[in-house]
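Here's the letter readout for the chains.
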Amino acid sequence: MSNVFVMNHPLIQHKLTLMRNKNTGSKDFRELVKEVATLMAYEVTRNLPLEEIEIETPLCKTKANVLSGEKIGIVPILRAGLGMVEGMLDLIPTARVGHVGLYRDPETLKPVEYYCKLPPDVQDRELIVVDPMLATGGSSNAAIQFIKDRGAQSIRLMCLIAAPEGIEAVKKEHPDVDIYVAAVDSHLDDHAYIVPGLGDAGDRLFGTK
Ligand code: PRP
Ligand code: URA
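Scoring rules and cut-offs
- Residues numbered from 1 in each chain as written.
- Chains lettered and ligands numbered in written order.
- Predicted model: local features only at pLDDT ≥ 70, side-chain atom pairs only at ≥ 80, totals over all residues.
- Heavy atoms only, no water.
- Helix = DSSP H or I, 4+ residues; strand = E, 2+ residues; numbered from the N terminus.
- Rg over C-alpha atoms; globule rule 2.2 N^0.38 Å.
- Buried < 20%, exposed > 50% of the residue type's maximum accessible area, 1.4 Å probe, protein only.
- Contact = heavy atoms within 4.5 Å.
- Lys, Arg positive; Asp, Glu negative; His and termini not counted.
- Charge placed at Lys NZ, Arg CZ, Asp CG, Glu CD.
- Near = heavy atom within 4 Å.
- Polar contact = N/O pair within 3.5 Å; in protein donor to acceptor, adjacent residues only side chain to side chain.
- Areas by Shrake-Rupley, 256 points an atom, 1.4 Å probe, with all protein chains shown as cover.
- Nonpolar A, V, L, I, M, F, W, Y, C, P; charged D, E, K, R; others polar.
- Core = buried A, V, L, I, M, F, W, Y, C linked by side-chain atoms within 4.5 Å.

A few points about the overall build of the chain
When helices and strands are tallied, the chain shows 6 helices and 13 strands. For the chain, the C-alpha radius of gyration of 18 Å lies close to 17 Å, the compact-globule estimate for 209 residues. The principal-axis extent of the C-alpha atoms belonging to the chain is close to 65 × 40 × 30 Å. Counting over 209 residues, the chain shows a buried share of 45%. Taking the contacts inside the chain whose residues are at least 6 apart along the sequence as the reference set, 63% of them involve residues at least 24 apart. Averaging the positions of the 23 positive and the 29 negative side-chain charges in the chain gives two centres separated by 2 Å.

Below, the structure written as structure tokens:
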């Protein structure tokens, strides 16, 4: 079964509250998404394997740890996931970035795919799918399935705010995928928006409403 990690670090919670505030404008909202993504990246990568190498300090030869050639891929779900990429690359600059384009049909609430471009060696990478919002789970489930269909073997999902319904949906469809979130909110409203949530993440990031 998927593990679910809620990252309730005070810095993350503080920034999330600023993002939830409807009076926070796009510029600040974008900066906050980026900053929270960086903080979460620290935790998401906590169990990456290390290997010992020999180096020479100014004093002596010694053995020390480095990441063991693990190749990482960040896969934002367009559009809103884009807001999390730069913050993660700040911490993991060698990661490759794949893109999955999905939007949620407002009538059916089902995800519709319009783009997919992944690194060619996707099967050898630790992939982190990123999207600020996990509502019904339809978009995340579809994105995970697309990248599995293209050979991905190791996938984590990282979202800022999740509804309990979304977490359950991903756990059910992709039990091999660990889920990292900054908050689990109360419920979904009649339009499948997360309550209390932060509204439409894509619109707030890009100023389209
Ligand atoms: C939002 C959000 C997720 C999805 C979550 O994207 O960024 O991708 O909805 O909802 P779900 O869990 O019920 O699928 P949206 O479809 O609004 O597209 P956008 O990022 O282009 O604004
Ligand atoms: N997508 C969003 O951007 N916000 C929600 O609350 C739900 C889906």
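There's plenty left to go through after this.
As for the site of ligand 2
Around ligand 2, a shell composed of Arg104, Met133, Ala135, Ala192, Tyr193, Ile194, Gly199, Asp200 and Ala201 is seen. The contact in question runs from a nitrogen atom of ligand 2 to an N or O atom on the backbone of Gly199, over 2.8 Å. Within the backbone of Ala201, one N or O atom sits 2.8 Å away from an oxygen atom of ligand 2. The protein chains hide 88% of the 240 Å² of surface that ligand 2 would expose on its own. Taken together, the residues that form the shell around ligand 2 break down as 6 nonpolar, 1 polar and 2 charged.

Structural notes on the side chain of Thr45
Positionally, Thr45 belongs in the loop between helix H2 (26-44) and strand S2 (50-56). Look at Thr45 and you get buried, because its relative accessible area is 18%. Of the polar contacts made by the side chain of Thr45, one reaches the backbone oxygen of Tyr42; its length is 3.2 Å.

Things to note about the side chain of Ser140
Mapping Ser140 onto the fold places it in helix H4 (residues 138-149). Those residues in contact with Ser140 that lie beyond four places of it in its chain are Ile77, Leu134, Leu157, Cys159 and Val170.

Here we look at the nonpolar core
Formed by 36 residues in total, the largest nonpolar core has its most connected members in Met19, Met40, Met88, Met158 and Leu160. Taken together, the elements giving at least two residues each to this core come down to helix H1 (10-20), H2, strand S4 (71-78), helix H3 (82-91), strand S8 (125-130), strand S10 (154-162), strand S11 (178-184) and helix H6 (201-206). If sequence neighbours within four positions are ignored, Met40 has contacts with Met7, Ile12, Met158, Cys159, Leu160, Tyr180, Val181 and Ala182. Leu134, Ala142, Ile144 and Ile179 belong to the second largest nonpolar core, which has 24 residues in total.

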